[in-house]
Amino acid sequence: MAYGINGRILRVDLTQASVNTEFFDDNLYRLYPGGKALAGYLLLRELPPGTDALAPENLLVIANGLLTGAPISASTRFTVAARSPLTGAYGESEAGGFWGPELKMAGYEAIVVSGRAKQPVYISINDDKVELRDARELWGREPEEVQAAIRHELGDKRIRVLQIGIGGENLVRYAALTNELRHFNGRTGMGAVMGSKNLKAIAVRGTGRYLDSAHDAKPIVDLGRALGKRVKEHPQAWDLQVKGTPALVGAFNAAGILPTRNFRQGVFEGADNLKWEAYEKELLTARGTCYACAVRCKREVKVDDRYQVSDAYGGPEYETVEGFGGYCGVGDLQAVAKANELCNRYTLDTISTSVTIAFAMECFEHGLIGLKETDGLDLRFGNAAAMLQAVDLIARREGIGNLLAEGSKRAAEVIGGGAHLFAMQVKGQELPMHDPRGKVSVGLGYAIGEHGADHLYSIHDTLVANPDSIGFKGASPLGVEALPAQQLGSAKARNYAILENWCSFGQVVGLCYFGPAPRSFTQIEEVLTAVRAATGWAMTLADLLQIGERATNLTRAFNVRNGFSRKEDTLPERLFQPLENGPMAGTLISKPEFERTMDELYRLKGWDSKTTVPTRDRLRDLDIEWVADLLGV
Amino acid sequence: MDLHLGSYLSWYVPQKPSRLVIHLDRPIALMELVERLKLPPAEIAIAAVNGKLVSLRDALVSDGDRVELHPPNGGG
Ligand code: SF4
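Residues numbered from 1 in each chain as written. Chains lettered and ligands numbered in written order. Predicted model: local features only at pLDDT ≥ 70, side-chain atom pairs only at ≥ 80, totals over all residues. Heavy atoms only, no water.

1. Regarding the packing of aromatic side chains
All names here are of chain A.
Then step 1. Going through the model one piece at a time under the given rule, you end up with 13 aromatic pairs over all chains.
Then step 2. With a centroid separation of 5.5 Å and 80° between ring planes, the pair formed by Phe 252 and Tyr 318 is classed as edge-to-face. Here the residue Phe 252 occupies a position in helix α9 (residues 248-255), and Tyr 318 occupies one in helix α11 (residues 318-323), the gap between them amounting to 66 residues. One exposure class covers both Phe 252 and Tyr 318, and it is buried. (Phe/Tyr/Trp six-rings, centres within 6.5 Å; stacked < 30°, edge-to-face > 60°. Helix = DSSP H or I, 4+ residues; strand = E, 2+ residues; numbered from the N terminus. Buried < 20%, exposed > 50% of the residue type's maximum accessible area, 1.4 Å probe, protein only.)

2. Remarks on the confidence of the model for chain B
Then step 1. Summary statistics for chain B give a mean pLDDT of 95 and a share of 97% for residues scoring 70 or more.
Then step 2. In the model output, the complex is listed with pTM 0.98 alongside ipTM 0.96. (pLDDT = per-residue confidence, 0-100.)

3. Some words on the confidence of the model for chain A
Then step 1. For chain A, the mean per-residue pLDDT works out to 96, and 99% of the residues sit at or above 70.
Then step 2. Averaged pLDDT values over the elements of chain A bottom out at 91 in helix α1 (residues 26-31) of chain A and peak at 99 in strand β12 (residues 199-205) of chain A.

4. Thoughts on the packing of helix α17 (residues 440-448) of chain A against helix α19 (residues 490-509) of chain A
Residues and elements named next belong to chain A.
Then step 1. Two elements in contact, α17 and α19, have axes separated by 10 Å at closest approach and are oriented at 60°. In this structure, α17 crosses over α19, and the sense of that crossing is right-handed. On the side of α17, the interface is formed by Val 440, Ser 441, Leu 444, Gly 445 and Ile 448, while α19 contributes Lys 492, Tyr 496 and Glu 500.
Then step 2. Of the residues in the contact of α17 with α19, the class split is four nonpolar, two polar and two charged. (Axes fitted to C-alpha atoms, helices over the stretch in contact; angles between N-to-C directions. Left-handed = near helix turned anticlockwise from the far one by under 90°. Contact = heavy atoms within 4.5 Å. Nonpolar A, V, L, I, M, F, W, Y, C, P; charged D, E, K, R; others polar.)

5. Looking at the interface of chain B and chain A
Then step 1. Listed as interface residues are 23 residues of chain B and, on the opposing side, 39 residues of chain A.
Then step 2. Carbon and sulfur atoms supply 59% of the area that chain B and chain A bury against each other, a total of about 2,200 Å² over both sides.
Then step 3. On the surface where chain B and chain A come into contact, there are one salt bridge.
Then step 4. Here Asp272(A) makes a salt bridge to Arg66(B), at a shortest N to O gap of 3.9 Å.
Then step 5. Between chain B and chain A we count eight residue pairs in polar contact (both at pLDDT 80 or more) in total.
Then step 6. Of all elements in the fold, only β4 (46-49) and β7 (66-70) of chain B reach the threshold of two or more residues within the side of chain B that touches chain A.
Then step 7. No other element matches the three residues that β7(B) contributes to the side of chain B that touches chain A.
Then step 8. When its residues are assigned to classes, the side of chain B that touches chain A shows nine nonpolar, ten polar and four charged. (Buried area = accessible area lost by both parts, 1.4 Å probe. Salt bridge = Lys/Arg side-chain N within 4 Å of Asp/Glu carboxyl O. Polar contact = N/O pair within 3.5 Å; in protein donor to acceptor, adjacent residues only side chain to side chain.)

Here it is in structure tokens:
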């Protein structure tokens, strides 16, 4: 097999308690080389439209990318996909860590889980030996115990465990999956899909080597070494290692676009308490990493002070620091770390959890819900104790938590009285901590993204705004233009479309967002070298972009078949209104300009601007004309 | 003057500090300070003086100011 480690897909039917292995044809793998492409392909072909996301019929696809587990930095990610219980659309979430590479070592590109087990089970994969094992004793227990119990039961400490906590068991619509207790497939509720199948965990041990099946191992080894040496001399990589993503708090607060109090404001008065300097002083114990990655951007934390925060579940990233920080009006990093620990323990997506709690806070402050509905919880902005209690209630689906576990969109429909204006979501998925009023491409991505608001759907405008910057130079082979961050219009639509394809390609092959251009730790030419060396395919940069675009078209087709159209490709009304404070006070996104830019984007993508259905011509260009037949166009 | 160097801007200065206290006898152009510290202007996306966004090319800074410089950021 001329790619990755092996072309095998594992099929697990939990209803029948059966396991089968399937071989994936080389020609198909060229079109769908893993991750989002492979998941999109399988879900589009095999999942009938309208399938209830939490029914046994939903398919949970876990897919590695072509480069997942290659011994080079920032090449660790795998995708979990299914119809999303949060959005009803194509759902997907990537995670780094160690689990994906281990699955690759065991010889599998993907696992497709169908059906529902009669009682809780876990899947054990040890190279060719795959079995379903009883997990009744593990159900309801915390990830730290579960991981230890599985390793003990199977007698191997090196087993990697991907699992759900009680958030997934209780079908919280934005429940996550965790591997190694500190890496998360956070978004779109894939943990709830796993919970609905009575599947507690997937334990993997593999003894293969990525390089053994590579077409030409040497360029990959050389690149791995070069990247290992590059960390110290590369400003962005150095920054990720030393300061990590929490450094964004200071930058966005200074720029006036730090999402504060449910996107009303752009400056948080307590931001100094959340910046990375405070993080280093109050939380940090060590730096962590993912498989074979020299960047080491992950944080280890422990607190034994105002709050007790366990060191078992990793430290909060920027999204979480700000989500439970300024976004909920809380300027206490220890409270934030506690919220992060609880979410990780319960496997809740920290973005959707914090944004849904802030939604409830705004409803509470406007009197749409009161102490009666919250069972006495004083759910005001800034009340850290109430925020932490809300996390607990959501995971257990108790009291107000049962409503909030449905996500802000559904909760707003129940609350009524204009609550939908406070629900900061697209297609039902809550917005991450990036304000499109300061960088409009992020808004285009929130709107058009197949799985609802997602900040990693494309590249943020700021990274390619200055033609002399490292970011722009790194990305310039893609053919982008340097444009101001707040400028909409057709040139921006074009930049967006190119960069979306590039990001999508990264999600297909398993690259981490922090590696390739415009981060530029890994240069575009080096990504091409890695793909060619792994596969022996004579690919060009245009081919890589086409892989990305093809994957997006598959997931768009999935959404179209599930009833989605242009009207869901939008932004919350609040972003078309002015920011209330700080240096960007008064700044808004012009709706007509935004819509015109979206029109241009559909045109560039070859999609109908009303229905968003891809044209047959475009699908043919992407070598997936079968999708046109499926859509009847 | 209190100077904050956000994210990877610290990397360009010896000892890689996130914060520098600089004494200024007279107001100077922010660009002069940037040149003195050998910071690459193309990597400065955000410049703020006392909580107000300023243009890197035109701003003046004085002793007692709180100045923040940040590179372009995204993702996270
Ligand atoms: S850059 Fe950070 S998140 Fe990405 S693979 Fe490396 S350690 Fe993991």
